[in-house]
Amino acid sequence: MEPRRPRLTPLLLRTTIAGSLPKPAWLAEPKALWAPWRLDAELLDEGKRDAMRLVLADQEAAGIDIVTDGEQTRRHFVTTFIENLDGVDFKNKRTVRIRNRYDADVPVVVGKVARTQPVYVEDIRFLRSHTDRPIKATLPGPMTMVDTLYDNHYRSREKLAREFAAILNQEALELEKAGADVVQFDEPAFNVYMDEVEAWGIDALQTAAAGLGCKSAVHICYGYGIKANVDWKRTLGSEWRQYEATFPLLARSKIDQISLECANSRVPLELLELLKGKDVLVGAVDVASDVVEGPEQVAATIRAAMKFVPPDKLYPCTNCGMVPLSREVALGKLKALAAGAALVRRELGT
Ligand code: ZN
């Protein structure tokens, strides 16, 4: 199928999501991270494609401007990508502490890592042929990848991150060719290992995005609404200032867009000023709560962020992925996000 002509999108306050959406219960166990698939072989492939159509229709009906595949083809935003690479043993997993916060069963790097085949390129081609809206492809960032595995080969986070950056770049360039308008790298680790961000994290991220003609983005957050993250956030004090160290580095980088968490968070919004000149994806929907925001609540977050980011560079977004939520709650939040942005757009007279 030929790609359709791009639909006209609003020029101000274009809405998008961080990436993931809940999967249908017939495809994977609901409300769980690393949820096992409920289908096999060809039925699983068909199920994943059907799920992509469903989440695409949900985003379009809600009024989201820049849509994603809802990460319906992956069990996890990091490990699924790693498991598609050579040099990785994902049958004999190891339990490691990730993000300095919680234990997870992760793949083991046992030799030189290499990408011998495309990972998500077919998914983006599928998405491109089923919508006329701009689409965003999401990938894990290099630092978050090294933080979500056991390395039995390189024994250096930096060395392995640089290997992954080159591999991600191959995938990113092919995703662009397949029709992605934005390629986003998810780097929640950027809120944890601040020294590494400065030493090699930003550089590895730029390698991953090198040569992209479409927009490049990085998503940095305080994680899904799981207990370990909620407990961690309680230790961060009355103001969360992790972004203060990262944003000046990103402002000087070649990355076009920065996605961050603003809804129900203790991030001082004046930190957004540090991103002058960049597109800012403002999290205006909380993913750590089942309470669906009202459009007015979303609008209030957008208005507060607009003191620091002009509306043509402000993209109302979710705080993080919505995969651990119920479908009903996630759909409600999609609608609230679009309705809240529309409210503010009307106030601006557009
Ligand atoms: Zn996130």
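Report follows, based on the coordinates. Predicted, not measured: the structure shown is a model, and the values here were computed from it.

Sheet architecture is open: six strands sit in the order E3-E5-E6-E7-E8-E9, paired in parallel fashion. Lying at the two open borders of the sheet, with one neighbouring strand each, are strand E3 (136-140) and strand E9 (314-318). For this sheet, the mean inter-axis angle between neighbouring strands, taken without regard to orientation, is 25°. Across five bridges, the pairing between strand E7 (residues 257-261) and strand E8 (residues 279-285) is parallel. Its bridge partner being in E8, Gln-257 is matched across the sheet by Asp-279. Sheet strands in contact with helix H6 (residues 194-209) are strand E5 (182-186) and strand E6 (215-219), and its direction is about 150° off that of E5.

An ideal rise of 1.5 Å per residue puts 16 Å on twelve residues; helix H9 (residues 295-306) measures up with 16 Å between its terminal C-alpha atoms. Among all positions of H9, only Val-298, Ala-299, Thr-301, Ile-302 and Ala-305 are buried. Buried residues along H9 cover an arc of 160° about the axis, so they all sit on one side. Where H9 is buried, its residues touch E8, E9 and helix H10 (327-347).

A sheet is described by the order of its strands in space; here three strands give the open sequence E1-E2-E4, paired in mixed fashion. Either end of the sheet is taken by a strand with one partner, and the two such strands are strand E1 (86-98) and strand E4 (150-151). Examined bridge by bridge, E1 and strand E2 (residues 102-114) share eight bridges and lie antiparallel to one another. Looking across to E2, one finds that Asp-86 is bridged to Ala-114.

Definitions and cut-offs
Residues numbered from 1 in each chain as written. Predicted model: local features only at pLDDT ≥ 70, side-chain atom pairs only at ≥ 80, totals over all residues. Pairing = 2+ DSSP bridges. Helix = DSSP H or I, 4+ residues; strand = E, 2+ residues; numbered from the N terminus. Axes fitted to C-alpha atoms, helices over the stretch in contact; angles between N-to-C directions. Contact = placed C-beta atoms within 7 Å. Expected span 1.5 Å × (residues − 1). Buried ≥ 20, exposed ≤ 12 C-beta atoms within 10 Å, placed from the backbone. Arc of directions from axis to C-beta.

Treat this as a map of the structure, not an account of what it does.
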